[in-house]
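# Chain and residue survey
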Amino acid sequence: MNIENLKSQMRKGMLEFCVLLLLERGDAYASEIIARMKDAHLIVMEGTLYPLLTRLKNDGILTYRWEESPSGPPRKYYSLTPYGLTFLLQLNDAWNEISHTVNHLLNKPTENEQ
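Scope of this entry: the structure provided in the associated data block. As the structure is a prediction and not an experimental result, all values here were calculated from the model.

Criteria and thresholds
- Residues numbered from 1 in each chain as written.
- Predicted model: local features only at pLDDT ≥ 70, side-chain atom pairs only at ≥ 80, totals over all residues.
- Heavy atoms only, no water.
- Core = buried A, V, L, I, M, F, W, Y, C linked by side-chain atoms within 4.5 Å.
- Buried < 20%, exposed > 50% of the residue type's maximum accessible area, 1.4 Å probe, protein only.
- Helix = DSSP H or I, 4+ residues; strand = E, 2+ residues; numbered from the N terminus.
- Contact = heavy atoms within 4.5 Å.
- Pairing = 2+ DSSP bridges.

### Some details on the nonpolar core
- V19, I33 and L62 are the most contacted members of the largest nonpolar core, which has 23 residues in total.
- When contributions to this core are tallied by element, the ones reaching two or more residues are α1 (3-25), α2 (30-39), α3 (46-58), β3 (72-80) and α4 (82-107).
- No other element matches the six residues that α1 contributes to this core.
- Beyond its immediate sequence surroundings of up to four residues, V19 is in contact with I33, M37, L49, L52 and L53.

Here's what the structure looks like:
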């Protein structure tokens, strides 16, 4: 088994949650989301992000608005809808359950240590 492949699959699984967490802090356009992800050490390519943003918009989780940019074409700013905020809270609960389970397994003493 290739560890890099597994890490890539884990990152892809968390990408939606991470994007929504960023947008909970405030509206952002795609390049800004990519830069914030990079700051958090999660590399995301445009070819991965744009389809995700479109799907989240089509699912009613995100909405967007166009704003003029001082340095180029207008930018599409994404934001959470009320349903998106509810969905994010559900994802957060799911993350807490998963992280609790993994942390429990990581920290649980083996039978020989008890």
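Having seen the model, we can carry on.
### Observations regarding the sheet that holds strand β2 (residues 62-69)
- Reading across from one edge, β1-β3-β2 is the order of the three strands in this open sheet, with antiparallel pairing throughout. On the outer flanks of this sheet lie β1 (28-29) and β2, each paired with one strand and no other.
- Of the strand pairs in this sheet, β1 and β3 are connected by two bridges, and their pairing is antiparallel. For A28, the partnering residue across the bridge sits in β3 and is Y78.

### Side note on the side chain of T81
- Relative to the assigned elements, T81 resides in the loop between β3 and α4.
- Ignoring sequence-local partners within four residues, the contact set of T81 consists of G60, I61, L62 and T63.

### As for the pairing of β3
- By the bridge criterion, seven bridges tie β2 to β3 in an arrangement that is antiparallel. Counted as the bridge partner of T63 is S79 from β3.
- Counted between consecutive antiparallel strands, the loop separating β2 from β3 contains two residues.

All we've got here are geometric facts, nothing functional implied.
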